[in-house]
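Observations on the model geometry
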Amino acid sequence: MIIKTVNLETVCGITSTFPENILPEFAFAGKSNVGKSSLINALMNRKAYARTSAQPGKTQTVNFYNINDAFYYVDLPGYGYAKVSLQEKERWGKMIERYLHTSRQLRAVFLLVDIRHEPSANDKMMYEWMVYHGYAPVIIATKLDKIKRSQLQKQLKLIRSGLGLKGESLILPFSAETKQGREEIWALLEELMQE
Ligand code: GTP
Ligand code: MG
């Protein structure tokens, strides 16, 4: 994919009304620190346009990145971050759900999980919530550079069984360090945009 322009067009907090965009949206969800903003940077071909951090809880708003005036990447706050209050967790959770519920242009949801670990209870809950609401989330297994090649199949299996994925569901391994997997995600985005 050729990225000509990127523009952080809208930032929404807990009380904001989400924009009524006319271009397609692609949203990226997953627990705090899993690598959502890093993936978006890689997919924008930018080093650090979306803010990332080794500290979980970096993205606290819903951020709409306009790409080529053709579509949006939507960077969502992470869930399951232990250090914020329960009340705050609930508010973020509600914001994520409210976005997923109300967006009219949402073409696909990407659910990110860390390739090194069995999905958490929150990951499973998020996956089930999405399926229940009629989405077919594309699973991206992040931080591929952190495991050995020989562990890949085993980890993919663990994620598949941990989330209870159906046979056909797609898992795309990805590394923001090496950019491995980026072409496949771009190809999928292009396909989804034709639909
Ligand atoms: P929140 O905004 O807090 O929800 O986190 P996030 O999901 O946006 O994660 P972010 O992209 O900020 O990345 C979190 C940390 O993981 C940062 O230190 C990144 O550099 C690191 N990271 C992200 N992706 C990868 C990856 O593929 N490989 C490695 N080695 N590190 C990664
Ligand atoms: Mg982030």
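Residues numbered from 1 in each chain as written. Chains lettered and ligands numbered in written order. Predicted model: local features only at pLDDT ≥ 70, side-chain atom pairs only at ≥ 80, totals over all residues.

Attention now goes to helix H2 (residues 86-102). For H2, spanning 17 residues, the distance from its first C-alpha to its last is 24 Å, which sits close to the expected 24 Å at 1.5 Å a residue. Three or more residues of H2 are buried, namely Trp92, Met95 and Tyr99. In a view along the axis of H2, the buried residues occupy a sector of 55 degrees, so they form one face of it. For H2, the exposed residues set more than 90 degrees away from the buried face come down to Leu86, Gln87, Glu90, Lys94 and His101. In this structure, the buried side of H2 is in contact with strand E3 (62-67). (Helix = DSSP H or I, 4+ residues; strand = E, 2+ residues; numbered from the N terminus. Expected span 1.5 Å × (residues − 1). Buried ≥ 20, exposed ≤ 12 C-beta atoms within 10 Å, placed from the backbone. Arc of directions from axis to C-beta. Contact = placed C-beta atoms within 7 Å.)

Turning our eyes to something else, we now look at the sheet that holds strand E4 (residues 71-75). Spatially, 7 strands are ordered E1-E3-E4-E2-E5-E6-E7 in an open sheet, and the strand pairing comes out mixed. Looking along the sheet, the strands with just one partner apiece sit at the ends: strand E1 (6-12) and strand E7 (171-173). For this sheet, the mean angle separating the axes of adjacent strands, direction not counted, is 25 degrees. Contacts from helix H3 (residues 121-132) reach strand E2 (25-30) and strand E5 (106-114), with the element oriented near 160 degrees to E5. (Pairing = 2+ DSSP bridges. Axes fitted to C-alpha atoms, helices over the stretch in contact; angles between N-to-C directions.)

With that settled, the discussion passes to the site of ligand 1. Of all residues adjacent to ligand 1, which total 24 residues, the nearest are Gly35, Ser38, Thr52, Thr59 and Gly78. At 3 residues, helix H1 (residues 36-44) tops the list of elements feeding residues into the shell around ligand 1. Taken together, the residues of the shell around ligand 1 sort by class into 5 nonpolar, 13 polar and 6 charged. (Near = placed C-beta within 6 Å. Nonpolar A, V, L, I, M, F, W, Y, C, P; charged D, E, K, R; others polar.)

With that out of the way, let us pick up the nonpolar core. Formed by 40 residues in total, the largest nonpolar core has its most connected members in Phe28, Leu39, Tyr73, Val74, Phe110, Leu111 and Leu112. Take this core: its biggest share by element is 5 residues, from E5. With residues up to four places along the chain from it excluded, the contact list for Leu39 reads Phe28, Leu112, Ile140, Thr142, Phe174 and Ala176. (Core = buried A, V, L, I, M, F, W, Y, C linked by C-beta atoms within 7 Å.)

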